[in-house]
Amino acid sequence: MADGVKPRVKVPSKAAAGEAIVIKTLISHQMESGQRKDSDGNVIPRSIINRFTADFNGQNVVDVTLEPAISTNPYFEFEATVPESGEFTFTWYDDDGSVYTETKSVETS
Amino acid sequence: MKNIKALSVTASIMGLLAAPAVAGPDSDSLVINGELEMVTETAAPEHLDGAVGDTIYSGWRFRTDETQALQLDDFDNPAMLTVDKAIDYFNTVDGSEGKSCASCHEGPEEFAGLTASLPRVEDGKLVVLEDIINGHRAEVMGAEPWKWSGQDMQGMVALIGLQSRGMPVDVKIDGDAAPFWEQGKEMYYTRYGQLELSCANCHEQNYGNMIRADHLSQGQTNGFPVYRLKQAQLISKHNRFRGCIRDTRAETFAEGSDEFRALELYVASRGNGLSIETPAVRQ
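Values in this document were obtained by computation on a predicted structure and should not be read as measured data.

Draft legend 1. Structural view of the overall build of chain B. Counting secondary structure elements, chain B contains 10 helices and 11 strands. By the compact-globule yardstick of 19 Å for 283 residues, chain B fits well, its C-alpha radius of gyration being 21 Å. Viewed in the frame of its principal axes, chain B has a C-alpha envelope of about 85 × 40 × 30 Å. Out of the 283 residues in chain B, the part that is buried amounts to 47%. When the accessible surface of chain B is split by element, carbon and sulfur atoms take 52% of a total near 14,200 Å². Here chain B contributes 25 positive and 42 negative side-chain charges, whose respective centroids are spaced 9 Å apart.

Written out as structure tokens, the structure is:
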């Protein structure tokens with residue numbers, strides 16, 4: 001696991017059924033591109049988050065492929081429609097094989 | 001003759017109408033996380049004697065809507081990533097004594113109000129938050145001092161400042177502090193560098209105007225350390241002082257110098273009454 005990786009998610013805890021809600025996600029990650037060299041001229045190995053997904057009650061909402069040009073601490077903001085009460089699961093996949101997940105539940109009225 | 005006069009009157013009216021488009025602070029109000037209302041304008045402290053007019057404004061009021069928005073919600077505030085790291089440092093053992101901040105202090109909440117009253121005089125010396133943190137690291141923890149503007153130091157300064165967010169700046173300028181305050185005031189009105197500019201030339205006489213592409217604020221420090229988008233990291237007060245003096249093409253004072261401590265006190269006193277916004281977001 002790379003150093004200092006911490007996922008953060010902001011989801012409203014309540015929503016009207018069928019309403020589109022704004023979801024903000026951020027994961028602190030160095031996103032080392034693999035293009036840079038250290039002071040001795042050696043290539044610094046690539047270490048990035050390469051995939052991000054969000055699911056609601058098991059149904060996929062977004063599935064993103066991340067590339068090396070994406071900056072440190074990748075931030076995603078998107079809207080999702082919530083038909084019923086349930087749980088969002090957010091998953092980030094690291095180059096080194098680590099998987100970070102975060103869950104948030106939403107109640108509909 | 002009459003026609004010419006009428007023309008010049010029209011021109012001066014147009015001038016008046018056009019001016020407010022760029023000059024002055026905007027009229028937005030700052031509410032953080034939808035609940036914490038901040039004082040971004042208030043009556044100028046008495047010691048200023050009307051030098052900036054009747055009102056002091058937070059630097060937030062001089063920024064663009066996009067920059068302002070980053071400060072409205074802690075999730076969007078990029079400074080919070082560094083503050084989060086500081087919470088980890090707070091609980092991390094460092095130095096020869098095997099202690100962390102948390103060994104002595106219950107939590108950062110303990111420091112509510114501290115930032116609002118700094119700098120202050122302790123044992124005849126003017127002390128700022130960086131001094132206190134490094135003092136405790138050296139004496140209690142036996143750890144290496146942090147660099148003044150390093151992200152570990154400024155993250156901790158921001159974490160402690162965050163506990164005072166929303167409280168009014170209230171630094172003491174009389175008693176022991178008076179000589180330091182006078183020294184800071186002297187510096188504020190001294191013209192430095194090849195361009196011969198004092199702090200007052202921009203931040204007192206020309207706040208609200210543009211200096212090339214930059215909208216000049218009153219130079220208030222109530223949001224420091226601030227996350228500056230230009231540098232993409234937390235910036236200390238002394239770093240900002242140094243930057244301003246450098247821009248006058250002068251040889252600057254060092255971060256952590258007694259001169260900058262005195263200036264920090266004087267500038268803070270010019271913002272007495274504004275809410276602490278730490279960590280703020282600026283251009």
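Draft legend 2. Structural detail: the overall build of chain A. Within chain A, the regular secondary structure consists of zero helices and eight strands. Listing each helix as α and each strand as β along chain A from the N terminus yields β-β-β-β-β-β-β-β. Put simply, chain A has 109 residues, and 38% of those count as buried. Across chain A, the fraction of contacts at a sequence separation of at least 24, relative to all contacts at a separation of at least 6, is 58%. Total accessible area computed for chain A in this model is approximately 6,000 Å², and 45% of it derives from carbon and sulfur atoms.

Draft legend 3. The confidence of the model for chain B, seen in detail. All names here are of chain B. Per-residue confidence for chain B gives a mean pLDDT of 88, with 92% of residues at or over 70. Per-residue pLDDT stays below 50 along residues 4–21; that stretch engages in zero contacts with residues further than four places along the chain or on separate chains. Predicted complex metrics record ipTM = 0.74 and pTM = 0.83.

Draft legend 4. Structural view of the interface of chain B and chain A. In this complex, chain B contributes five residues to the contact, which on the side of chain A involves 10 residues. Buried surface at the junction of chain B and chain A, both sides included, amounts to about 670 Å², of which 55% is carbon and sulfur. Its largest share of buried area at the contact with chain A, chain B owes to Phe75(B), Leu81(B) and Asp84(B), together 75% of the area lost on that side. Summed over the shared surface of chain B and chain A, the number is five salt bridges. Salt-bridge contacts for Lys10(A) lead to Asp73(B); the nearest nitrogen and oxygen are separated by 2.4 Å. Run the count over chain B and chain A and you get five residue pairs in polar contact (both at pLDDT 80 or more).

Draft legend 5. Molecular detail of helix 6 (residues 151–162) of chain B. Residues and elements named next belong to chain B. For helix 6, spanning 12 residues, the distance from its first C-alpha to its last is 16 Å, which sits close to the expected 16 Å at 1.5 Å a residue. All of the buried residues in helix 6 are Met153, Gln154, Gly155, Met156, Val157, Ala158, Leu159, Ile160 and Gly161. Check the buried side of helix 6 and you find it contacts helix 3 (79–90), helix 4 (101–104), helix 5 (129–141) and strand 10 (233–235).

Draft legend 6. Examining unusual backbone geometry more closely. Phe224(B) connects to Pro225(B) through a cis peptide bond whose omega is -5°. Cis geometry is adopted by the peptide bond preceding Pro279(B), which originates at Thr278(B) and carries an omega value of -10°. With respect to the secondary-structure elements, Pro279(B) resides in the loop between helix 10 (258–269) and strand 11 (281–282). Phi angles above zero are rare outside glycine, and Asn73(A) is one such case at about 55°.

Draft legend 7. Layout of the pattern of salt bridges. If you walk through the whole model with that rule in mind, you get 21 salt bridges over all chains. Put simply, Lys237(B) and Glu264(B) hold a salt bridge, and the shortest N to O gap is 3.3 Å. Taken together, the positions of Lys237(B) in helix 9 (residues 237–247) and Glu264(B) in helix 10 put the pair 27 residues apart, joining distant regions of the chain. Across the pair, Glu264(B) and Lys237(B) agree in class, each one buried. Arg242(B) serves as the salt-bridge partner of Glu255(B), at 3.7 Å between the closest nitrogen and oxygen. Here Glu255(B), found in the loop between helix 9 and helix 10, pairs with Arg242(B), found in helix 9; they are 13 residues apart in sequence, far enough to count as distant. The exposure class of Glu255(B) is partly exposed, given its relative accessible area of 23%. The exposure class assigned to Arg242(B) is partly exposed, which follows from its relative accessible area of 32%. Each of Lys10(A), Lys24(A), Asp73(B) and Asp76(B) takes part in one network of salt bridges that share partners.

Basis of the calculations
- Residues numbered from 1 in each chain as written.
- Chains lettered and ligands numbered in written order.
- Predicted model: local features only at pLDDT ≥ 70, side-chain atom pairs only at ≥ 80, totals over all residues.
- Heavy atoms only, no water.
- Helix = DSSP H or I, 4+ residues; strand = E, 2+ residues; numbered from the N terminus.
- Rg over C-alpha atoms; globule rule 2.2 N^0.38 Å.
- Buried < 20%, exposed > 50% of the residue type's maximum accessible area, 1.4 Å probe, protein only.
- Areas by Shrake-Rupley, 256 points an atom, 1.4 Å probe, with all protein chains shown as cover.
- Lys, Arg positive; Asp, Glu negative; His and termini not counted.
- Charge placed at Lys NZ, Arg CZ, Asp CG, Glu CD.
- Contact = heavy atoms within 4.5 Å.
- pLDDT = per-residue confidence, 0-100.
- Buried area = accessible area lost by both parts, 1.4 Å probe.
- Salt bridge = Lys/Arg side-chain N within 4 Å of Asp/Glu carboxyl O.
- Polar contact = N/O pair within 3.5 Å; in protein donor to acceptor, adjacent residues only side chain to side chain.
- Expected span 1.5 Å × (residues − 1).

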